[in-house]
Number of protein chains: 2
Amino acid sequence: MSDSDLPFEPVAGVRLAAGAAGIRYQGRDDLVVLALDPGTTCAAVFTRNAFCAAPVTLARRHLQAVQPSYLLINSGNANAGTGKRGLEDAHASCQALADLAGCGAESVLPFSTGVIGEHLPVDRIASALPAVLQSLDADAWPRAARAIMTTDTRPKLRSVRFDLNGRTATVTGIAKGSGMICPNMATMLAFLATDAVVDPEVLQTCLRSAADRSFNAVSVDGDTSTNDACVLAATGALGNAPIEDPHGADYAALLAAVEAVCVDLATEIVRDGEGATKLVRIRVEEALDRDEARQVAYTIAHSPLVKTALFASDPNWGRILAAVGRAGVADLDIDRIRIHLGDVLIVEEGGRAASYTEEAGAAVMAGSEIDIRVSLGRGSVDAQILTCDFSYDYVRINAEYRS
Amino acid sequence: MSDSDLPFEPVAGVRLAAGAAGIRYQGRDDLVVLALDPGTTCAAVFTRNAFCAAPVTLARRHLQAVQPSYLLINSGNANAGTGKRGLEDAHASCQALADLAGCGAESVLPFSTGVIGEHLPVDRIASALPAVLQSLDADAWPRAARAIMTTDTRPKLRSVRFDLNGRTATVTGIAKGSGMICPNMATMLAFLATDAVVDPEVLQTCLRSAADRSFNAVSVDGDTSTNDACVLAATGALGNAPIEDPHGADYAALLAAVEAVCVDLATEIVRDGEGATKLVRIRVEEALDRDEARQVAYTIAHSPLVKTALFASDPNWGRILAAVGRAGVADLDIDRIRIHLGDVLIVEEGGRAASYTEEAGAAVMAGSEIDIRVSLGRGSVDAQILTCDFSYDYVRINAEYRS
């Protein structure tokens, strides 16, 4: 797929550039700079992994100090598990960009993805930066989407436009992620921008809300990354009346657009999950609360037996049932549980549904997108997550690739 | 391996027999009867999966009523997810044996393992039972160990002898299990017997304690089975002074023997884990409490990224570190954590240990048995679990086999 095949809308106030610094491989883009016009506000959510990477620690710190002017992203090296030197390296890469741009290092937010435990080659990043900075371009979103990839097989880029009192606003975002995907805050890496004017606190609320319904509701392999980060920049170039009321119509329009971009990017991450051949939507209904609904959904999503059955297109409802049973829900009444594969009722009253036929189940499982719906019969709360199957290629990719 | 290659000691008061009922496959043993002499006391632990199988429900019920005279075990069909009819089928199979033996159905404990969600072919079991009952033999442990296998590649049988005031007592056990292994009470199926005289409550304490340190400390794939069950029968044929004091020397000797058999059987289950090429011992030290130590150990053990790195013999300590970081331990101070691969210190102070070399790590990973030791630096509690790696064959077995 050439870049021209990736439709997108540029965001006024944002310019991007990518370049090849030779961080892990030679001759492929692995360095991205996003330049944000003065006045831009940034919101961000980060991994909850206690072993968070050095750039995550530094980006959090810089964000608290000033509004950023640049996002500096590298693939090929996660700068995670690198101790004190990792922080120094992350800072040095920010400083290198700041020196060239004539700003303070705190105005640069660093992001890294790739192999854990190797030191960041700061000198190579610094050497590549001058040429990258000279090529900043509002239309470079597709190239940036490619440059942040690691085991991803496809770039992930999405735009949505929405109306703000007669002005057309834009939300555009890129993301990367394929393995070590069970975000506990945001996905591996995602960068979104809008040209709308948005109050900083409202922007953060918007991003957190959208991430919860997208990046925080997907899982490829249950492994939460050390480097998860998601940024939403609002440049304000649109000149609309500032979105300040989280209960107003403008906010609702913004949230809908941001959430649409996040959900699409998160879905693309799962669809491109390492070795994935199926996109699986797991919906748990009639739970007492959201925690228990998500607990059941994630137990199904993380079951290797369910995932290999999905890979085999085998309507093995016994494995789904066993996963529900071990999810740790207190006082689960198995006689009230119903499980659907697509529209086919497969389990009721503790066993196979009387109406179920293997043919009907097999027909659903043959598809490339599969819905599993579990009704717990205990309450009225629902939750939904996206996951994928577990194939030979997952093993191959992770036995061969050093993440 | 022929049965003569499986060393064991018979247990006075226990006779066994196996036969082929054609439950799932033709011409292989899939039915086992253990006959327990009068006066035998049984202890048992069962799965905590809420969707427990019909035989588990019935075995629990029968155990509360009377001391069992027979254990009736079938492979090829788990009789799980079979609703009300599953219970009726389990009862009918007990009744068939009881009718032949001239006892009540409650004196028979049923156990099933195999495919979930298919109805038990009670008629075929009933037809096979007369011949099986006629071949009861104190030396049939190896044949029974084979007959209860499903995806297991090897029978699991172990004996330990111990001294009770000058009398030599015996503990012998068999187990099966290879996939859907993350016991939350006992493994898939394990049956142990001793000829010692043991008080029923003390026997239950002994089994629970031994299971906690063996079957409840292993994981192949994190999937807790619907059918886990472990029974320890004490026939009393040895005629020793009853073991009644859980603080006495006799109890200590019994517990040591039962635990040794359980640990060996549990280890064999992991070693024979579906597709497993490595046996991995994960020890978490210096935790605040046992729960948090086990939480960290299981998070590492269940990480598909760690498991595929183990398969690749890749000393990918970054994935271990990421798993520790996402294990959900509150206020984890990453600077205090040390991780060893075998005797090689790989992580300290939030990053790769200064003394670490890739060669030293690779040398440990090249072995078929690997020790991972994580010191949390928070307290003084340890926990250890056993697991295995994740290979192409795990996917193949579970994409092809209907469990």
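Residues numbered from 1 in each chain as written. Chains lettered and ligands numbered in written order. Predicted model: local features only at pLDDT ≥ 70, side-chain atom pairs only at ≥ 80, totals over all residues. Heavy atoms only, no water.

All names here are of chain B. Secondary-structure assignment places Ala-210 in helix H5 (residues 200–212). Ala-210 gets classed as buried once you look at its relative accessible area, which sits at 0%. Sequence spacing of Ala-210 and Leu-31 is 179 residues, and the spatial spacing of their C-alpha atoms is 27 Å. Not counting chain neighbours up to four residues away, the residues in contact with Ala-210 comprise Leu-255, Val-258, Glu-259 and Cys-262. (Helix = DSSP H or I, 4+ residues; strand = E, 2+ residues; numbered from the N terminus. Buried < 20%, exposed > 50% of the residue type's maximum accessible area, 1.4 Å probe, protein only. Contact = heavy atoms within 4.5 Å.)

On to the relation of the copies chain A and chain B. Aligned on chain B, chain A shows an RMSD of 0.1 Å; the corresponding rotation is 180° and the shift along the axis is 0.0 Å. The symmetry that links the two subunits is that of a two-fold axis. Distance from the rotation axis, computed per C-alpha, reaches its smallest value in chain A at Tyr-392 of chain A: 2.8 Å. Residue by residue, 100% of the interface of chain A is reproduced at the interface of chain B, so both copies engage with the same surface. (Least-squares fit on C-alpha atoms with pLDDT ≥ 70 in both.)

All right, on to the interface of chain A and chain B then. The interface is formed by 56 residues belonging to chain A together with 56 residues belonging to chain B. Our count for the chain A to chain B interface comes out at 0 salt bridges. Considered class by class, the residues forming the side of chain A that touches chain B number 23 nonpolar, 19 polar and 14 charged. (Salt bridge = Lys/Arg side-chain N within 4 Å of Asp/Glu carboxyl O. Nonpolar A, V, L, I, M, F, W, Y, C, P; charged D, E, K, R; others polar.)

Moving on, we get to the sheet that holds strand E8 (residues 189–194) of chain B. Residue and element names in this part refer to chain B. Across the sheet, 5 strands lie side by side as E3-E10-E8-E7-E6; this open sheet has mixed pairing. Single-partner strands in this sheet number two, and they are strand E3 (41–46) and strand E6 (156–164). Ignoring which end each strand starts from, the neighbouring axes of this sheet average 15° apart. Pairing between E6 and strand E7 (residues 167–176): 9 bridges, direction antiparallel. By the bridge assignment, Asp-163 is partnered in E7 with Thr-168. Sitting on the sheet, H5 is in contact with E3 and strand E10 (229–234), with an inclination near 35° to E3. (Pairing = 2+ DSSP bridges. Axes fitted to C-alpha atoms, helices over the stretch in contact; angles between N-to-C directions.)

So, on to the pairing of E8 of chain B. Residues and elements named next belong to chain B. Extensive coverage of E8 is indicated by the burial of 6 of its 6 residues. The alternating pattern of E8 places Leu-189, Phe-191 and Ala-193 on one face and Ala-190, Leu-192 and Thr-194 on the opposite face, and all of these are buried. Where E7 meets E8, 6 bridges bridge the pair, whose relative direction is antiparallel. Its bridge partner being in E8, Lys-176 is matched across the sheet by Leu-189.

So, about the pairing of strand E13 (residues 344–348) of chain B. Residues and elements named next belong to chain B. The element E13 is extensively covered by neighbouring structure, given that 4 of its 5 residues are classed as buried. Here 3 bridges tie strand E12 (residues 338–341) to E13, and the two strands are oriented antiparallel to one another. From the neighbouring strand, His-340 faces E13, where its bridge partner is Leu-345. Where E12 folds back onto E13 in an antiparallel hairpin, the turn is made up of 2 residues, including Gly-342, whose phi is positive at roughly 60°.

This brings us to the packing of helix H7 (residues 290–302) of chain B against helix H9 (residues 317–325) of chain B. Residue and element names in this part refer to chain B. At a minimum axis distance of 9 Å, the contact between H7 and H9 shows a crossing angle of 135°. Taken as axis vectors, H7 and H9 run oblique relative to one another. Our pair here, H7 against H9, has a crossing hand that is right-handed. Contact residues: Val-296, Thr-299 and Ile-300 in H7; Ile-320, Ala-323 and Val-324 in H9. In terms of residue class, the contact of H7 with H9 is built from 5 nonpolar, 1 polar and no charged. (Parallel < 35°, antiparallel > 145°, perpendicular 65-115°, else oblique. Left-handed = near helix turned anticlockwise from the far one by under 90°.)

Another point: the domain arrangement of chain A. All names here are of chain A. Domain parsing of chain A yields domain 1 (3–271) and domain 2 (279–400). Each of domain 1 and domain 2 was reduced to a C-alpha centroid, and the two centroids are 33 Å apart. Tallying the contact residues gives 13 residues for domain 1 and 14 residues for domain 2. With both chains or domains summed, domain 1 and domain 2 bury close to 1,100 Å², and 56% of this area falls on carbon and sulfur atoms. Where domain 1 meets domain 2, there are 1 salt bridge. (Domains from an automatic or database assignment. Buried area = accessible area lost by both parts, 1.4 Å probe.)

All names here are of chain A. The backbone of Asn-79 shows a phi angle near 45°, a positive value even though the residue is not glycine. Along the chain, the position of Asn-79 falls in the loop between strand E4 (70–77) and helix H2 (83–101). If you check the backbone angles, Glu-286 has positive phi at about 55° while not being a glycine. If you trace the backbone, Glu-286 turns up in strand E11 (residues 279–287).

Time to look at the pattern of salt bridges. Taken as a whole and assessed by the stated rule, the structure comprises 34 salt bridges over all chains. A salt bridge links Arg-143 of chain B to Asp-29 of chain B; its shortest N-O distance comes to 2.6 Å. In this pair, Arg-143 of chain B is assigned in helix H4 (residues 141–147) and Asp-29 of chain B in the loop between strand E1 (14–19) and strand E2 (31–36), connecting sequence segments 114 residues apart. Assessed through its relative accessible area of 38%, Arg-143 of chain B is described here as partly exposed. Here Asp-29 of chain B falls in the buried class, since its relative accessible area comes to 19%. A single network of salt bridges, built from pairs that share partners, joins Arg-283, Glu-285, Arg-373 and Asp-382 of chain A.

Looking now at the sheet that holds strand E9 (residues 218–219) of chain A. As a general point, the strands of a sheet are linked pairwise by backbone hydrogen bonds and lie either parallel or antiparallel. All names here are of chain A. One open sheet accounts for 7 strands, arranged E9-E16-E11-E15-E12-E13-E14; its pairing is mixed. The sheet terminates laterally at E9 and strand E14 (351–352), the two strands that pair on one side only. As defined by bridge partners, strand E12 (residues 338–341) adjoins strand E15 (residues 369–375) across 4 bridges and the pair is classed as antiparallel. Counted as the bridge partner of Arg-338 is Ser-375 from E15. Across the sheet, helix H7 (residues 290–302) lies against E9, E11, E15 and strand E16 (381–388), angled at about 20° from E16, the strand it touches most.

Moving on, we come to the packing of aromatic side chains. Given two aromatic rings, their pairing is described by the distance between the two centres and the angle made by the two planes. Residues and elements named next belong to chain A. In the structure shown here, the tally under the stated rule is 5 aromatic pairs over all chains. Between the aromatic rings of Phe-111 and Phe-191, the centroid separation amounts to 5.0 Å while the plane-to-plane angle is 75°, which identifies the pairing as edge-to-face. Of the two residues, Phe-111 is situated in strand E5 (residues 108–115) and Phe-191 in strand E8 (residues 189–194); the sequence distance between them amounts to 80 residues. Looking at Phe-111, the relative accessible area reads 3%, which means it is buried. Classification of Phe-191 as buried rests on a relative accessible area of 0%. (Phe/Tyr/Trp six-rings, centres within 6.5 Å; stacked < 30°, edge-to-face > 60°.)

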